[in-house]
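Notes for the structure review
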Amino acid sequence: MIKDLFHKNRPIYSLEVFPPKKDVDVSVIYDALDEFKNLHPSFISVTYGAGGNTAENTFAIASYIQNQCGIEALTHLTCAAIPDRLFLTNFLTNLYRNGIRNILALRGDQPQWMSDEQFAARFYNHASDLTKDIKETYDFSVAGACYPEVHQEAASLKEDISHLKIKVEEGVDFLITQLFYDNETYFRFLDEVRKAGIEVPVLPGLMPITSAGQVKNIVGMSGTKIPKSLANTIEKYKENPKDLKKAGLEFTKSQMEELLKQGVDGIHLYSMNKVEIAKAIYE
């Protein structure tokens, strides 16, 4: 299980992949995984399709990572995707029978097909509730998400960390951060987390900016801030995609080097399913 790796293999190096959309040839992700395997990551996480529309693929991909690639698979699961306790038990049993022992428990955003009323009436309100029931059902290593720049729905950092503490008390074994581009933000957050008595490993999550169009999506989805130095770089190379990609990768490399120098628990790379990006960073 992933939680055990922190005791013997620090720093941890991990990747995130996502199931292809329904109209994309699913073999593409398996070809990528065969190449990701050669980078020897400690684990690979697989996102849960929005609203579960690629749930079967999530399960199949996680099983491939665990059983064919021989790498620990971390399966995402969102509260919004679970109609009742029986669904959760069946989902966990499927994972367990296939040798998968790791779950990232998330509240998850409201799926597009779900009405406000349905979302408000979901069976699990919070990731902490989900974590509690996972731990009561099977011995899984459970990961949780955290937000160095504060969750968009939290009133303050203090409130956000108090919710985080509840997650950890319910059984979260380690945390993975939302992506960020300012290391000082991460270190300040980590200080506050430790002051609150949260002792579990906190993996910084990094995503290289490799195109100008990506910036709007990243800021829109995560609310993360782009530091002035990176914004200037994007502006400078916005008409030259090749140089922008190179500069974006260099920024993430220097970000990672500083984090490792400061003794972080590991690095989690949001790879966007792109092998060449992971290779450029990790090699």
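These figures come from a predicted structure and were not determined experimentally.

**Some thoughts on the overall build of the protein**
Within the protein one finds 12 helices and eight strands. In terms of C-alpha radius of gyration, the protein reaches 18 Å, essentially the compact-globule figure of 19 Å for 283 residues. Principal-axis analysis of the C-alpha atoms places the extent of the protein at approximately 55 × 45 × 45 Å. Residues counted as buried form 51% of the 283 residues belonging to the protein. Considering only contacts in the protein between residues 6 or more positions apart, those separated by 24 or more positions represent 79%. For the protein, the computed accessible surface area is about 13,700 Å², with 49% contributed by carbon and sulfur atoms. Seen as two clouds, the 31 positive and the 38 negative side-chain charges of the protein have centres 3 Å apart.

**Points about the packing of helix α8 (residues 183-195) against helix α11 (residues 241-261)**
The geometry of a pair of packed helices is captured by two quantities: the angle between their axes and the separation between those axes. It is the contact of α8 with α11, at a shortest axis distance of 10 Å, that shows an interaxial angle of 30°. One finds that α8 runs roughly parallel with respect to α11. The interaxial crossing formed by α8 with α11 has right-handed handedness. Of the residues in α11, those in contact with Asn183, Glu184, Tyr186 and Phe187 of α8 are Gln255, Glu258 and Leu259. Residues belonging to the contact of α8 with α11 are distributed by class as follows: three nonpolar, two polar and two charged.

**Brief notes about the pairing of strand β3 (residues 72-78)**
For β3, the buried fraction is high: seven of the seven residues fall into the buried class. Residues Glu72, Leu74, His76 and Thr78 line one face of β3 and the alternating positions Ala73, Thr75 and Leu77 line the opposite face, and both faces are buried. Of the pairings in the sheet, the one linking strand β2 (residues 43-46) to β3 comprises four bridges and is parallel in character. By the bridge assignment for β3, isoleucine 44 is matched with alanine 73. By the bridge criterion, four bridges tie β3 to strand β4 (residues 102-106) in an arrangement that is parallel. Counted as the bridge partner of histidine 76 is leucine 104 from β4. This β-α-β element, β3 to helix α4 (residues 85-97) to β4, shows right-handed connectivity.

**Focus: α11**
Taking 1.5 Å of rise per residue, the 21 residues of α11 would be expected to cover 30 Å, and the 30 Å separating its terminal C-alpha atoms lies within 8% of that figure. For α11, the set of buried residues is Leu244, Ala247, Gly248, Leu249, Phe251, Thr252, Gln255, Met256 and Leu259. On the buried face of α11, the contacting elements are α8, β7 (202-206), α9 (212-222), α10 (228-237), β8 (266-270) and α12 (275-282). Looking one or two residues beyond α11, the residue adopting positive phi is glycine 263, at roughly 80°.

**Here we look at the nonpolar core**
Core analysis: the biggest nonpolar cluster contains 85 residues, and Leu33 and Phe36 have the highest contact counts within it. In this structure, phenylalanine 36 is in contact with Leu15, Val17, Pro41, Ile44, Ser271, Asn273, Lys274, Val275 and Ala278, ignoring residues within four places of it in sequence.

**Brief notes about the sheet that holds β7**
Sheet strands pair via backbone hydrogen bonds, and the direction of the pair is either parallel or antiparallel. In space, the eight strands of this closed barrel follow the order β1-β2-β3-β4-β5-β6-β7-β8, with parallel pairing throughout. Strand-to-strand, the axes of this sheet are offset by a mean angle of 25°, without reference to chain direction. Note: β7 against β8, two bridges, orientation parallel. Following the sheet pairing, glycine 205 is matched in β8 by histidine 268. Each of β1 (12-17) and β2 touches helix α2 (residues 27-36); the most contacted strand, β1, lies at about 170° to it.

**With respect to the environment of glutamate 258**
Within the secondary structure, glutamate 258 is located in helix α11. The exposure class assigned to glutamate 258 is partly exposed, which follows from its relative accessible area of 33%. On a C-alpha basis, the gap between glutamate 258 and tyrosine 181 in space is 12 Å, while along the polypeptide they are 77 residues apart. In contact with glutamate 258, not counting residues within four places along its chain, are Asn183, Glu184 and Phe187.

**Quick word on the packing of aromatic side chains**
Considering all chains together, one arrives at 11 aromatic pairs under this definition. Note on phenylalanine 123 and tyrosine 124: the rings are 4.9 Å apart at their centroids and 90° apart in plane angle, and the pair reads as edge-to-face. Judged by its relative accessible area of 3%, tyrosine 124 falls in the buried class. Where tyrosine 186 meets phenylalanine 187, the ring centres are 5.5 Å apart and the plane angle is 70°; that geometry is what we call edge-to-face. The class of tyrosine 186 is buried, set by a relative accessible area of 0%. A connected cluster of aromatic rings, assembled from ring pairs, spans Phe6, Phe43 and Phe174.

Parameters at a glance
Residues numbered from 1 in each chain as written. Predicted model: local features only at pLDDT ≥ 70, side-chain atom pairs only at ≥ 80, totals over all residues. Heavy atoms only, no water. Helix = DSSP H or I, 4+ residues; strand = E, 2+ residues; numbered from the N terminus. Rg over C-alpha atoms; globule rule 2.2 N^0.38 Å. Buried < 20%, exposed > 50% of the residue type's maximum accessible area, 1.4 Å probe, protein only. Contact = heavy atoms within 4.5 Å. Areas by Shrake-Rupley, 256 points an atom, 1.4 Å probe, with all protein chains shown as cover. Lys, Arg positive; Asp, Glu negative; His and termini not counted. Charge placed at Lys NZ, Arg CZ, Asp CG, Glu CD. Axes fitted to C-alpha atoms, helices over the stretch in contact; angles between N-to-C directions. Parallel < 35°, antiparallel > 145°, perpendicular 65-115°, else oblique. Left-handed = near helix turned anticlockwise from the far one by under 90°. Nonpolar A, V, L, I, M, F, W, Y, C, P; charged D, E, K, R; others polar. Pairing = 2+ DSSP bridges. Right-handed = clockwise from strand over helix to strand, strands pointing away. Expected span 1.5 Å × (residues − 1). Core = buried A, V, L, I, M, F, W, Y, C linked by side-chain atoms within 4.5 Å. Phe/Tyr/Trp six-rings, centres within 6.5 Å; stacked < 30°, edge-to-face > 60°.

Bear in mind that shape data such as this cannot, by itself, settle questions of function.
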